[in-house]
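The residues making up each chain are set out below.
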Amino acid sequence: MKMSLQVELEQQRNVLIVRLRGELDHHTADIVRYKMEDAILRGRCDHVVLSLKDLQFMDSSGLGVILGRYKLIKGRGGKMVVCDTQPSVKRLFELSGLFKILSFYDSERSAVAGLEVVS
Amino acid sequence: MSGHNHMKLSFASRSENESFARVSVAAFVSQLDPTLEQLDEIKTVVSEAVTNAIIHGYDGRTDGIVTVEAEIDGDTISLSVSDQGRGIEDLDLARQPLYTSRPELERSGMGFTIMENFMDEFDVVSSEAGGTSLRMKKRIESKKALFN
Ligand SMILES: Nc1ncnc2c1ncn2[C@@H]1O[C@H](COP(=O)(O)OP(=O)(O)OP(=O)(O)O)[C@@H](O)[C@H]1O
Ligand SMILES: [Mg+2]
């Protein structure tokens, strides 16, 4: 069956870049959970950049899965940052208070650069 | 576009139908010529309500029925989303921001807060016997009207 969400993973040194394309809801949240969990637990990444330029839709199920991975990364001593959000997605981050917990960047490059300063 | 119009959809409580429901309602509401932002808000609200019916109302069972109704009256869209599931015991508690009865499912307890924020009117009726029914309204100032 065709999924309305694609997850693309790229490792840049100790940073895992997660690009989400499509629609993140209850139906597609599991894919994000499993793919990220797998990459974080197996890989040698300390930090995660969530790159959301092509994420066209997100609801509270997306907030939940992102908050869950944030806790995982944080528990391992790493950081998770977000970049390139669409206005509607950004609004949900603001409403939920996640905007205050996560750092937001305009581009993947600035997000990765921001992480390497802290690591 | 003005006057009366309505639609009703009933579908199985399967997660695949969350996107079906929000895309259908968005297509229906397009008659009012909403802005992209308003359309996003409506899609999000439908997604929240239908997801709640599936995961909370029916506890993830796929043999339930979710019903979505939309009505256009002038420049106002009325939405209702209903299930015949388990119902909500304590509505005041359920509507509090960040309250969730299912933290183990990675719910964030934001659904009701999002729906109340994105709609002008929001009301919940729920009982153990009859399930849960949400009724909401939103005024759509069409893009055309903004120029006149
Ligand atoms: N249709 C429903 N049937 C039964 N209980 C419901 C229904 N909708 C909501 N609830 C109850 O109300 C609570 C709050 O709902 P809300 O949508 O705000 O948060 P959530 O679904 O738990 O988390 P999130 O929406 O952030 O994923 C739920 O945890 C659940 O206990
Ligand atoms: Mg919810």
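Caption draft 1: Expanded view of the site of ligand 1. Among the 20 residues in the neighbourhood of ligand 1, the closest are listed as B:His56, B:Thr100, B:Ser101, B:Arg107 and B:Met110. With respect to ligand 1, the chains having nearby residues are chains A and B. B:Gly109 is positioned with one of its backbone polar atoms (N or O) 2.8 Å from an oxygen atom of ligand 1. A distance of 3.1 Å is found between an oxygen atom of ligand 1 and a backbone nitrogen or oxygen belonging to B:Gly111. Bound to the protein, ligand 1 loses 96% of the 590 Å² it would expose on its own. Within the residue set of the shell around ligand 1, elements represented by two or more residues are helix H2 (36-57) and helix H4 (111-118) of chain B. The dominant element in the shell around ligand 1, judged by the number of residues it contributes, is H2(B), at five residues.

Caption draft 2: Layout of a negative patch on the surface. Residues and elements named next belong to chain B. Residues Glu-89, Asp-90, Asp-92 and Glu-128 make up a contiguous surface patch of negative charge. As for its placement among the helices and strands, Glu-89 is situated in the loop between strand S3 (76-83) and helix H3 (91-94). Residue Glu-89 is classed as exposed on the basis of its relative accessible area, which comes to 83%.

Caption draft 3: Expanded view of the pattern of salt bridges. Residue and element names in this part refer to chain B. Here the structure, examined in full by the defined rule, presents 21 salt bridges over all chains. Residue Arg-14 pairs with Glu-16 through a salt bridge whose shortest N-O separation is 3.1 Å. Exposure remark for Arg-14: the relative accessible area of 37% places this residue in the partly exposed category.

Caption draft 4: Quick look at the sheet that holds strand S1 (residues 4-12) of chain B. Residue and element names in this part refer to chain B. On the basis of which strands lie adjacent, the open sheet formed by five strands has the order S1-S2-S3-S5-S4 and antiparallel pairing. Looking at which strands have only one partner, the edges of the open sheet turn out to be S1 and strand S4 (121-127). Going from strand to strand, the sheet's axes swing by 10° on average, the running direction of each strand aside. With eight bridges joining them, strand S2 (residues 65-73) and S3 adopt antiparallel strand pairing. Of the residues in S3, the one forming a bridge with Glu-71 is Ser-78. In the packing of helix H1 (residues 16-29) onto the sheet, contacts are made with S1, S2 and S3, and the angle to S1 comes to roughly 170°. Those strands touched by H2 are S1, S2, S3 and strand S5 (131-139), and its axis lies near 15° from that of S3.

Caption draft 5: Spatial organisation of the side chain of B:Glu48. Counting through the fold element by element, B:Glu48 comes out in helix H2. Buried within the structure, B:Glu48 lacks any salt-bridge partner; B:Arg107 is the closest side chain of opposite charge, at an N-O distance of 5.6 Å. Polar side-chain contacts of B:Glu48 include one of 2.6 Å to the side chain of A:Ser60.

Caption draft 6: Summary view of the interface of chain A and chain B. Listed per partner, the contact involves 21 residues of chain A and 24 residues of chain B. Carbon and sulfur atoms make up 52% of the surface buried where chain A meets chain B, a total of about 1900 Å² over both sides. Where chain A touches chain B, the interface holds six salt bridges. Linking chain A with chain B are 12 residue pairs in polar contact (both at pLDDT 80 or more). Those elements that provide at least two residues to the side of chain A that touches chain B are helix H1 (26-42), strand S4 (55-58), helix H2 (60-75) and helix H3 (87-96) of chain A. Per-element tally for the side of chain A that touches chain B: the top contributor is H2(A), with seven residues. In terms of residue class, the side of chain A that touches chain B is built from seven nonpolar, eight polar and six charged.

Caption draft 7: Just the environment of A:Ala29, in detail. Residue and element names in this part refer to chain A. Structurally, Ala-29 is set in helix H1. With relative accessibility at 3%, the residue Ala-29 sits in the buried group. Sequence separation of Ala-29 and Gly-64 is 35 residues, and the distance between their C-alpha atoms is 8.7 Å. Excluding residues that lie within four positions of it along the chain, Ala-29 makes contacts with Leu-24, Ser-61 and Val-65.

How each quantity is defined
Residues numbered from 1 in each chain as written. Chains lettered and ligands numbered in written order. Predicted model: local features only at pLDDT ≥ 70, side-chain atom pairs only at ≥ 80, totals over all residues. Heavy atoms only, no water. Near = heavy atom within 4 Å. Polar contact = N/O pair within 3.5 Å; in protein donor to acceptor, adjacent residues only side chain to side chain. Areas by Shrake-Rupley, 256 points an atom, 1.4 Å probe, with all protein chains shown as cover. Helix = DSSP H or I, 4+ residues; strand = E, 2+ residues; numbered from the N terminus. Patch = residues over 30% accessible without salt bridge, like charges linked within 9 Å, V, L, I, M, F, W, Y side chains within 5 Å. Salt bridge = Lys/Arg side-chain N within 4 Å of Asp/Glu carboxyl O. Lys, Arg positive; Asp, Glu negative; His and termini not counted. Charge placed at Lys NZ, Arg CZ, Asp CG, Glu CD. Buried < 20%, exposed > 50% of the residue type's maximum accessible area, 1.4 Å probe, protein only. Pairing = 2+ DSSP bridges. Axes fitted to C-alpha atoms, helices over the stretch in contact; angles between N-to-C directions. Contact = heavy atoms within 4.5 Å. Buried area = accessible area lost by both parts, 1.4 Å probe. Nonpolar A, V, L, I, M, F, W, Y, C, P; charged D, E, K, R; others polar.

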